[in-house]
Amino acid sequence: MHTPRYTKLADIQADLFSNKTTCVELVTYYLHRIEKKRSLNAYIEVFQPESLQRAAELDKKYQENPKSVGRLFGAVVSIKDVICYAGHQVTASSKILEGFRSLYSATAVERLLSEDAIIIGRTNCDQFAMGSSNENSVYGAVRNAANPAKVPGGSSGGAAVSVQADTCWASLGSDTGGSVRQPAAFCGLVGLKPSYGRISRHGLLAYGSSFDQIGTFTRSVEDAALLLEIMSGADDFDGTASQLPVPTYFANVQQVSPETHSQKSKIVYFKQAVDNDGIDPQIREKTVHFIEQLREKGHLVEAVDFEYLDYIIPAYYVLTTAEASSNLSRYDGVRYGHRAAEAKTLDEVYKKSRTEGFSEEVKRRIMLGTFVLSSGYYDAYYTKAQQVRRLITERTRQLLAAYDFILMPTSPVPAWDLGAKINDPVSMYLMDIFTVQANMVGIPAISMPLGEDSAGCGIGIQLMADKFKENELLKFAQSIKK
Amino acid sequence: MNQSIIEPPLASVYDLYETVIGLEIHVQLSTQSKAFCSDDARFGGAPNTHLSAISLAHPGTLPRPNRRHIEFAVRLGMALGCNIQRTSYFDRKNYFYADLPKGYQITQDRQPTCMGGTLTIPIGNAFKTIRFHHLHLEEDAGKSLHDTDSRFSHIDLNRAGVPLLEIVTEPDLRSGEEVDALMTAMRHLVRWLDISDGNMEEGSMRCDVNISVRKRGATTYGTRCEVKNVNSMKFARRAVAYEVRRQIDLLEKGGKVIQQTLNFDPQTGITTPLRSKENAHDYRYFPDPDLAPVRLSDAFLAKIKAEMPVLPTDLRAILIKNYQLSANDALILTEDKSVALYYQQLASVCPPVLRKAAANLVIQKILPFLQTQNIAIAHYPIAHTQLIDLLQLIEDGKINASAAYQILLPALLQEPQSSTLAMAEKLNLFQNTDTAWLETLIQQVIAQNPDKVTAFRKGKKGLSAFFVGETMKLAKGKADPKILNTLVMRFLNT
């Protein structure tokens with residue numbers, strides 16, 4: 001088993017600042033790793049000459065003035081293929097956006113670049129971020145680096161594997177219902193989904209606009225905190241981005257040491273999510289053990305009934321597909337992207353281009369979303385789902401007023417075999433049962449590695465905090481890390 | 001063109017029916033930038049130049065509300081007495097069309113910003129109050145040009161995203177004339193409020209006309225048809241006339257009106273179906289998750305209220321009541337806000353007794369002058385004080401009115417820097433009010449016309465004008481007509 005060269009940016013920067021390595025050497029190493037791990041299919045495109053050139057420029061900048069480099073000096077990052085980077089392709093792993101180049105960079109990417117990050121490539125994902133296994137991509141499935149017969153999770157599977165396989169320091173994904181946390185769990189990484197509105201969505205291809213957030217894959221909590229601190233904050237290009245000031249997440253997390261941390265927290269878990277036969281026994285055992293450890297450390301951990309758990313998935317799929325059906329209307333073959341060659345009329349341009357350009361899963365969700373918004377069905381589905389969302393939000397925030405964190409497994413099952421669930425979309429949808437709640441409510445959630453399953457893939461434990469309490473969440477995550 | 005198609009003959013059968021009309025008026029707002037991004041929102045420009053990744057609906061782009069869009073909507077809402085909603089929402093209206101980049105239009109469906117409201121419009125010699133259902137904010141689509149090329153349709157997206165206001169009336173209109181009157185009043189109002197140029201030729205104002213007919217006295221409405229995109233008052237009248245006749249003919253033949261969307265062809269003057277209710281679009285409206293609710297603060301509303309100009313109807317009432325102007329003069333002066341403002345300023349520095357004369361001066365002398373010179377009233381060369389001096393000279397009888405308007409005013413327009421008094425002096429226009437001198441002249445005229453004096457005294461009273469006129473001739477126009485008249489009467493009657 002390959003041991004990653006670095007586990008956190010501070011170590012990379014220590015080597016850079018003591019001239020033990022250079023950005024060019026670092027990028028060369030990662031490019032070599034990418035080449036070696038090509039069979040995992042994590043990358044759609046590697047920005048090879050460009051990332052080396054940028055590395056050389058940054059080395060020069062450092063040599064001229066070591067103090068002039070940004071906070072992400074030496075940070076080699078990959079981005080999921082749903083995040084815009086000016087002048088580069090962005091396709092959402094679809095045919096409909098084949099060859100499309102973005103005119104601008106996402107705000108999150110802008111902010112990384114302005115701190116001297118190097119973007120090494122764009123990673124494979126489920127098409128338009130729709131999926132839980134990263135098997136739904138025109139570029140083919142991504143494999144779990146720990147066991148290539150297993151899925152890496154989805155939809156940000158390529159992003160997760162790019163870090164897991166040590167092909168970059170960190171990766172940006174997107175999380176609409178667990179698309180960062182679940183692959184982070186399967187790949188043994190720290191996966192953070194911030195509060196809705198913490199990071200601007202400008203430049204993130206929309207799936208479910210009221211659920212989507214950019215999230216991160218890292219090996220350490222402090223690196224998640226650093227990326228969050230740099231990417232967060234108000235943005236003129238996204239009216240739903242929060243105006244709240246951005247705390248110094250990174251410094252705050254760095255001050256926490258698992259050995260000396262003495263602050264006791266109140267944690268709650270749902271009986272249905274742990275004491276339940278539907279949960280894989282390995283996961284249940286590790287979760288129960290983790291709860292005991294927390295209690296031993298003096299934290300209060302209590303179980304409650306969460307009566308709405310069964311309603312989360314149906315409501316989530318009604319609302320996200322409704323939004324997606326409208327969000328994906330712009331991919332019409334008129335102004336950019338794939339246009340069916342033989343289309344003769346405007347109607348044919350739409351029908352043929354979209355039929356050819358979207359995958360089965362994307363079409364399934366567009367049709368489902370179109371149906372639930374249709375006149376005569378709107379109230380029964382969309383309105384009802386909104387009501388469920390409100391109830392779940394109220395109950396969750398109520399719990400988070402009484403407790404600091406909600407704890408549950410990231411996924412009810414471990415990474416499954418490639419192809420095992422691909423023909424059973426509903427069972428695939430149910431895999432999101434523990435992750436969609438944070439997106440429904442808009443609260444931050446983190447998946448932390450909790451060990452390995454019998455097949456060698458990762459198992460994760462998820463923690464959620466109240467809205468915009470990333471600071472508390474990250475500090476607690478740091479205090480319990482292994 | 002066959003006129004009978006356009007004007008339904010007033011045969012008795014048509015008189016049995018009443019026409020019921022509701023309008024959806026679309027007003028393009030004259031903001032600098034588009035409704036949801038900073039692209040140029042102005043009319044014109046080479047095709048597809050007022051564009052960015054946002055207007056083009058590139059992947060990952062998001063809308064940002066334009067504060068001015070909301071402000072302009074509230075301004076009109078306040079002018080119409082709408083109930084301004086503290087919280088309102090943007091919705092998406094989903095449909096595919098080549099000139100609609102996102103595949104949906106951002107609009108307000110369930111909870112628009114302005115509810116209710118009324119506008120009183122002149123219909124003939126009377127007034128009628130039209131009620132509004134609501135006003136909502138939305139964005140325009142681009143333009144499709146289907147007839148410039150035999151093989152392709154052309155799309156210009158400059159207009160895509162331009163801020164619109166849709167004004168939805170209650171079914172309160174009863175004829176094409178009333179439609180015309182409401183559109184005219186609305187155009188006047190949006191210009192007055194500086195929120196739109198109201199230019200129908202450039203599409204800044206257009207309307208969809210919902211038309212139904214019912215037997216007079218009926219209490220329920222007939223089935224309505226919607227005539228789309230009517231972009232001139234003339235077309236609105238013709239479309240209504242045609243459609244009313246079509247519906248009545250249909251009903252009289254025992255048929256039924258089918259609810260449908262129609263297109264009016266100005267070339268033929270007839271309406272043709274675009275789509276029927278069964279084929280109506282299902283727009284799948286739902287709240288736009290990219291846009292936070294529009295929440296209007298007290299401060300925001302107070303600021304708009306404080307900046308509101310006096311409305312034309314209120315101003316007319318002030319002119320009539322406080323300045324004693326006629327309704328007609330008040331109407332003329334409030335046709336254009338700059339003229340109204342000009343008059344108000346002039347009247348405010350004017351002795352009250354001269355306000356009526358000032359109104360006449362503006363209407364009869366200044367407005368025609370502006371028209372011939374093609375200049376704005378703000379650039380009228382003569383200062384308020386000079387004009388007031390001129391009116392005062394007339395009022396005091398120091399110069400007679402015709403000399404003032406025909407000699408003094410044109411001279412001042414030539415030399416706007418000169419003072420009125422100096423100019424009148426220079427032109428030797430001051431009237432002679434020396435009664436002794438006038439009496440000599442009157443006596444002269446009486447002596448020369450003994451027969452007319454006799455006739456007058458026998459009852460031909462109209463001859464007094466002859467004596468006044470003759471004396472004025474001798475005075476070379478420099479007599480005060482009032483004084484002269486009094487003196488002539490005194491001499492003739494003694």
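Residues numbered from 1 in each chain as written. Chains lettered and ligands numbered in written order. Predicted model: local features only at pLDDT ≥ 70, side-chain atom pairs only at ≥ 80, totals over all residues. Heavy atoms only, no water.

Trainee: Residues and numbers for the overall build of chain B, please.
Mentor: Assigned secondary structure in chain B consists of 17 helices and 17 strands. Taken over C-alpha atoms, the radius of gyration comes to 31 Å for chain B, far larger than the 23 Å a tight globule of 494 residues would show. Based on the C-alpha atoms only, the size of chain B along its principal axes is roughly 95 × 55 × 50 Å. In chain B, the proportion of contacts linking residues at least 24 apart, taken out of those at least 6 apart, comes to 68%. In the form shown here, chain B has an accessible surface area of approximately 23700 Å², with 52% of it arising from carbon and sulfur atoms. Of the side chains in chain B, 56 bear a positive and 52 a negative charge, and the two mean positions are spaced by 4 Å. (Helix = DSSP H or I, 4+ residues; strand = E, 2+ residues; numbered from the N terminus. Rg over C-alpha atoms; globule rule 2.2 N^0.38 Å. Contact = heavy atoms within 4.5 Å. Areas by Shrake-Rupley, 256 points an atom, 1.4 Å probe, with all protein chains shown as cover. Lys, Arg positive; Asp, Glu negative; His and termini not counted. Charge placed at Lys NZ, Arg CZ, Asp CG, Glu CD.)

Trainee: Any chance you could break down the interface of chain B and chain A for me, citing the residues and the numbers?
Mentor: Taken together, the contact pairs 29 residues of chain B with 37 residues of chain A. For the pair chain B and chain A, the summed buried area comes to about 2900 Å², and 58% of that belongs to carbon and sulfur atoms. Together, B:Pro59, B:Phe96 and B:Arg284 form the three largest contributors to the area buried by chain B at its contact with chain A, with a combined 23%. The interface formed by chain B and chain A contains one salt bridge. With a shortest N-O distance of 3.0 Å, A:Arg201 and B:Asp290 are connected by a salt bridge. Inspection of the region where chain B meets chain A yields 20 residue pairs in polar contact (both at pLDDT 80 or more). Of all elements in the fold, only strand E4 (91-94) and strand E16 (286-287) of chain B reach the threshold of two or more residues within the side of chain B that touches chain A. Considering only residue class, the side of chain B that touches chain A consists of 17 nonpolar, five polar and seven charged. (Buried area = accessible area lost by both parts, 1.4 Å probe. Salt bridge = Lys/Arg side-chain N within 4 Å of Asp/Glu carboxyl O. Polar contact = N/O pair within 3.5 Å; in protein donor to acceptor, adjacent residues only side chain to side chain. Nonpolar A, V, L, I, M, F, W, Y, C, P; charged D, E, K, R; others polar.)

Trainee: Which residues make up empty space enclosed by the protein, and what are the values?
Mentor: Residue and element names in this part refer to chain B. Counted under the stated rule, the structure contains four cavities of 30 Å³ or more. By volume, the largest cavity is sized at about 220 Å³. Every residue lining the largest cavity is counted, 24 residues in all, and those nearest its centre are Ile54, Ser55, Lys102, Glu139 and Gly161. Broken down by element, the lining of the largest cavity gets its largest block of residues, three residues, from strand E5 (residues 104-107). Along the lines of polarity and charge, the residues of the lining of the largest cavity split into twelve nonpolar, five polar and seven charged. (1 Å grid on protein atoms, 1.4 Å probe; cavity = no way out; pocket = protein on both sides within 12 Å on 5 of 7 lines; lining within 4 Å. Points joined across faces, edges and corners; volume = space filled by probe spheres on them.)

Trainee: If you had to explain the state of the cysteines to someone new, which residues and values would you point to?
Mentor: All names here are of chain B. Overall, the coordinates contain zero disulfides over all chains when judged by the stated rule. Cysteine Cys82 is unpaired, with the sulfur of Cys114 as its nearest cysteine sulfur at 5.0 Å. Take Cys82: its relative accessible area is 10%, and that puts it in the buried class. (Disulfide = S-S within 2.5 Å. Buried < 20%, exposed > 50% of the residue type's maximum accessible area, 1.4 Å probe, protein only.)

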